[in-house]
Amino acid sequence: MAGPLASYPFHGVRQAGIVTPAQDRLHFVALDVVTDDRDELVALLKAWTEAAARMTQGGSAGPVGAVDGPVNAPPDDTGEALDLAPSGLTITFGFGPGLFVDADGKDRFGLADRRPEALEALPTFSADVLDPARSEGDLCIQACADDPQVAVHAIRNLVRIGFGTTTVRWSQLGFGRTSTTSTSQSTPRNLFGFKDGTANIKAEEADALDQHVWVGADDDSKAAWLAGGSYLVTRRINMTIEVWDRQPLEGQEQFIGRTKGTGAPLSGGEEFTDPDFDMSGSAGPIIPVDAHVRVVHPDTNDGVRILRRGYNFVDGSNDVGGLDAGLFFIAYLRDPRTHFIPLQRAMSKQDALMEYLRFTGQALFAVPPGVAEGEYVGQALFA
Amino acid sequence: MRTMILASVAALAAVPALAACTENATDDPGKGGDSRALTVTSSDDACELSAVEAPSGTLTFNVTNAGSDVTEFYLLGSDGLRIVGEVENIGPNLTKKLTVNVPEGDYFTACKPGMVGEGIRAKFAVAHSDDEQEVSASDQELIDQAQANYRAYVQDQSAQLLEKTKQFVQLYEDGKDDEARALYPQAREHWERIETVAESFGDLDPKTDAREADVDFAAGEKWTGWHRIEKDLWPQDAEAGYRALTAKERATYGDDLLANTTELDGRIRATGTDALTYPIDAIANGSIGLLEEVANGKITGEEEAWSHTDLWDFQANVDGARVAFEGVQPLLEAKDAVLSEELATKFKALDELLDGYRDGDGFVLYGELTAEDKKKMTDAVNALSEPLSQLTAAVTS
């Protein structure tokens, strides 16, 4: 954690909130655009850009603030972050497939010929139980901070600014990071109690970021505006917590392929030791063939790596008293067709963990590159 | 639950009379000078113990692998053959803990770097102490009895499954849909009672019992088995535009189900070197696993998405779990009478709850359950599953 006083620049070559050291809290929202007026959409993106730039630096959503405006009008900031520090707030915007072409194939904003080829609704994977009310969206905003109230404040105010132009499709709170995006951070644990994201791409790995996370200048000639940006995949992964908790320790470790204590692979060593998938155990490989670490490892997936930025979530309890909890998976990657769909397909088919997972939502967004001073987010798309 | 491992006799070299409890070591080994807490360092060419003797009682061996190969550690009887306790699959630089109850006597310790050969052996002496628990000489009889009983139960259920599957497939292929629908949940009861055994055959389970949602059609997978036919018999909940199977397709799916069920029965009834063995921990894990099936699939109504006969499956899973539990109960009685009593009580409570949902020869359909009903069932399953998850560790301690 960077400490409550930390703030990250809003403007830059890349949007913040991707390689930024993962903050502890998340509020993520997906929205649908309700207008067909391109100018209204652009005006909203400008307003959001200004509000986000202020809030990430510890300022208010509107230019006036929560208490400095006229007493006979509602303030342009809701006020719950008044005494709070920036808390490392980052706000990251993404564009969904529906912004380019709607469900009926209509080009709503004259953007269809700029739609990135890879930006189309993700397929349904086996064992998915996707809830449309928790999936997809025309736009998304990811707010991450080390104080939950700061993250919620950001989304609440941006949603407010969008009323009339956008409507909230779904949103998700995350209370604990499950990934490490910098070598300066220690690896956190997911709700299965295991260290997660050990092999994540870190901010310090510039070559790996270029290879696996950032969209290259020549990747997509129709969508040059996306060069330097990324794709964002979300999956709401419910865990059947109560059943998992009854698994013997040795079984849990075989599901994951790592020890629960240190996170070392079952083939030995410590957390960051490379797994040895060829090492034999008493009955088959010591890291089982269906262990999570093997199924999703770059070595078993043509070297593909992703930048994970997910969060633990608990949305209260379900109607039979079980925890409505799990991992809100967020990943940034260069191309979902090479860096996500094959990986998820392998996981759905082979991963032993699937028995304890229910995928209840998913979405894909194109994340434009960073915003220069005086620009608005996604400006190149509308230019 | 990881899939039950049922090895054929031929594949089994040495089976511990009672598998000891293996734990991952987390605490400081040998703390406080406890003479029953020992450390073992297994390297490529040495097996160093912190002591070569200990007082009788519950001993813990914290085994650290300082070598470069996977290692194992054994405590063997004075004949050098009988396995008193073992811990396997210790990767380099990792530590695992073996906890085992050891009476007075002479033993051997063995580290087996590379998991081959006789291992690096040394003598180990256990002196009499007042803490010594009497290890019943009849344990082995109880184990043998439990294994024989469970094998007989599995074979019996498998035979009934095959018989009813034949009848069901015949009715279905003859287009006698009402009769096929009536027999469907009854035939499946036999599958559900031994589901964890059937699942141990990784190839047959998906062919016979896959749900539509489990099949990755985009990746070219085909959907066959019980639930494919279920959807065809109860098309009212199918997606709009569902096309009923033709007589020829019915024959294809029906014959396939029967062939796979026949194959399953053949493997379950195999004798000689192909015969299945049912290690005591596998029986206990089978009981736990069947309750997990209830929690994961039946209580949610996901198993029988079209026939809604989930409560038949629910009851059958509980039947199978109870039979497995009762098989090891005499052994558990000697080791943890309190747990034994609790499990018997909770099984009874769950059965009584299910009795309230009986309707004629069967049960009410899943769709008739209220949210309150499902909550009650979940509570009863949780109440049983939580102590039941201790069963394997208790009977193998």
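A brief report on the enclosed structure follows. Since we're looking at a predicted model, the values are computed, not measured.

Turning our eyes to something else, we now look at the overall build of chain B. In terms of helices and strands, chain B carries 11 helices and 12 strands. Dimensions along the principal axes, computed over C-alpha positions, put chain B at roughly 75 × 40 × 35 Å. Across the 397 residues that make up chain B, the buried fraction comes to 51%. A separation of at least 24 residues holds for 72% of the contacts in chain B among residues at least 6 apart in sequence. Counting every atom, chain B has about 17100 Å² of accessible surface; 49% of that belongs to carbon and sulfur.

All names here are of chain B. As summarised here, the arrangement of the five strands in space is 4-10-9-6-7, forming an open sheet in which the pairing is mixed. At either end of the open sheet lies a strand with only one pairing partner, and these are strand 4 (53-55) and strand 7 (83-90). If you compare each strand with its neighbour and ignore which way they point, the axes differ by 20° on average. The pairing of strand 6 (residues 71-76) with strand 9 (residues 105-111) spans four bridges and is classified as antiparallel. In the sheet register, Leu75 faces strand 9, and the bridge partner there is Thr109.

Residues and elements named next belong to chain B. Among the structural elements, Gly286 can be located in helix 7 (residues 280-298). We classify Gly286 as buried; its relative accessible area is 1%. Residues Gly286 and Val102 lie 184 residues apart in sequence; the distance between their C-alpha atoms is 27 Å.

Below, the discussion takes up the nonpolar core. Of all hydrophobic cores here, the largest spans 149 residues; its most connected members are Phe168, Phe314 and Leu391 of chain B. In contact with Leu391 of chain B, other than residues within four places in its own chain, are Ala284, Ser287, Ile288, Phe325, Val328, Leu332, Leu339 and Leu343 of chain B. Counting 22 residues, the second-largest nonpolar core is a separate cluster that includes Leu26, Val213, Leu307 and Ile330 of chain A.

This paragraph deals with helix 1 (residues 139-173) of chain B. The end-to-end C-alpha distance of helix 1 of chain B, which contains 35 residues, comes to 50 Å, matching closely the 51 Å that a straight helix rising 1.5 Å per residue would cover. At the exit of helix 1 of chain B stands Gly175 of chain B, carrying a positive phi of roughly 75°.

What counts and what doesn't
- Residues numbered from 1 in each chain as written.
- Chains lettered and ligands numbered in written order.
- Predicted model: local features only at pLDDT ≥ 70, side-chain atom pairs only at ≥ 80, totals over all residues.
- Heavy atoms only, no water.
- Helix = DSSP H or I, 4+ residues; strand = E, 2+ residues; numbered from the N terminus.
- Buried < 20%, exposed > 50% of the residue type's maximum accessible area, 1.4 Å probe, protein only.
- Contact = heavy atoms within 4.5 Å.
- Areas by Shrake-Rupley, 256 points an atom, 1.4 Å probe, with all protein chains shown as cover.
- Pairing = 2+ DSSP bridges.
- Axes fitted to C-alpha atoms, helices over the stretch in contact; angles between N-to-C directions.
- Core = buried A, V, L, I, M, F, W, Y, C linked by side-chain atoms within 4.5 Å.
- Expected span 1.5 Å × (residues − 1).

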